[in-house]
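Single-letter residue listing:
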Amino acid sequence: MIRMFRLYASLLFFAIALPILSQAQSAPATSDKPFVVEYYYKAKWGHADEFLKLFKKNHYPVLKKEMEMGRLSKVWMDQPRYHTTEDGRWDFRVTIVFKNATVANEAFDEAALQKQMYPDQETFQREEQRRFEILDAHWDLPVKTVDLEAKP
């Protein structure tokens, strides 16, 4: 009876593990594909312009420097044309295209870059704190492109 249990347990294990392992081995390497993340910002009412001013002054130059370094491929900002419901409202969406998923997820010392670019760290830190104080919400969303022509 114990032998039969072990046999069934082994069969069950392989029935579950083999498809997972074969799928993992056949998955294409994505290290060369761009990795896209959307960053959403919802400013407190009346503070969207201030947020944008601080973003352009302190954060966008850092992102541009990361593009020059080759870490990022592209950065852009979108703003909704019309209003939505308050619970779904966002004021700015910044889309960042990383070189690849590895670059996006590996440790990167952005603080060192910021110190190099902004010698007056007291002002920089105060303004960056203010940029986040005037937000009601902020969230990040990694996205992928869906190939509508691909066969299932």
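The shown structure was predicted, so the numbers you read here are calculated from the model rather than taken from an experiment.

Asker: Looking at this structure, I do not really get the overall build of the protein chain. What am I missing?
Answerer: Tallying secondary structure elements over the protein chain gives five helices and four strands in all. Look at the contacts in the protein chain between residues 6 or more apart in sequence, and 78% of them connect residues 24 or more apart. Within the structure as shown, the protein chain displays about 11,400 Å² of accessible surface, and the carbon and sulfur contribution to it stands at 58%.

Asker: For this particular structure, what's the right way to read the sheet that holds strand β2 (residues 72-78)?
Answerer: Within a beta sheet, neighbouring strands are joined by backbone hydrogen bonds and run either parallel or antiparallel to one another. Here four strands make up an open sheet; going across it, the order is β2-β3-β1-β4 and the pairing antiparallel. With partners counted over all chains shown, the strands left at the sheet margins are β2 and β4 (135-143), one partner each. Across the sheet, the mean angle separating the axes of adjacent strands is 15 degrees when strand polarity is ignored. In the sheet, strand β1 (residues 35-43) pairs with strand β3 (residues 92-98) via seven bridges, with the strands oriented antiparallel.

Asker: Would you mind going over the nonpolar core with me for this structure?
Answerer: The nonpolar side chains of soluble globular proteins are, as a tendency, buried together. Counting 18 residues, the largest nonpolar core has Tyr 39, Tyr 41, Phe 51, Val 94, Ile 96 and Phe 98 as the members making the most contacts within it. Elements with a contribution of two residues or more to this core: β1, α2 (48-69), β2, β3 and α3 (101-105). Excluding its chain neighbours within four sequence positions, the residues that come into contact with Phe 51 are Tyr 41, Phe 92, Arg 131, Ile 134 and Leu 135.

Asker: What is the right way to read a nonpolar patch on the surface from this model?
Answerer: Together, Trp 139, Leu 141 and Val 143 give the surface a local cluster of nonpolar side chains, amounting to about 230 Å² of exposed area. Structurally, the position occupied by Val 143 is in strand β4.

Asker: Is there a simple way to explain the pattern of salt bridges in this structure?
Answerer: Here the idea is simple: oppositely charged side chains can pair when their charged atoms come close. Counting across every chain of the model gives eleven salt bridges. A salt bridge links Lys 57 to Glu 127, with the nearest nitrogen and oxygen atoms 2.8 Å apart. Of this pair, Lys 57 sits in helix α2 while Glu 127 sits in helix α5 (residues 121-133), and the two are 70 residues apart along the sequence. Lys 57 gets classed as partly exposed once you look at its relative accessible area, which sits at 44%. A salt bridge links Arg 89 to Asp 91, with the nearest nitrogen and oxygen atoms 2.7 Å apart. Here Arg 89 falls in the buried class, since its relative accessible area comes to 6%. Relative accessible area serves as the criterion here: at 14%, Asp 91 is assigned to the buried category.

Each value, and the rule that gives it
Residues numbered from 1 in each chain as written. Predicted model: local features only at pLDDT ≥ 70, side-chain atom pairs only at ≥ 80, totals over all residues. Heavy atoms only, no water. Helix = DSSP H or I, 4+ residues; strand = E, 2+ residues; numbered from the N terminus. Contact = heavy atoms within 4.5 Å. Areas by Shrake-Rupley, 256 points an atom, 1.4 Å probe, with all protein chains shown as cover. Pairing = 2+ DSSP bridges. Axes fitted to C-alpha atoms, helices over the stretch in contact; angles between N-to-C directions. Core = buried A, V, L, I, M, F, W, Y, C linked by side-chain atoms within 4.5 Å. Buried < 20%, exposed > 50% of the residue type's maximum accessible area, 1.4 Å probe, protein only. Patch = residues over 30% accessible without salt bridge, like charges linked within 9 Å, V, L, I, M, F, W, Y side chains within 5 Å. Salt bridge = Lys/Arg side-chain N within 4 Å of Asp/Glu carboxyl O.

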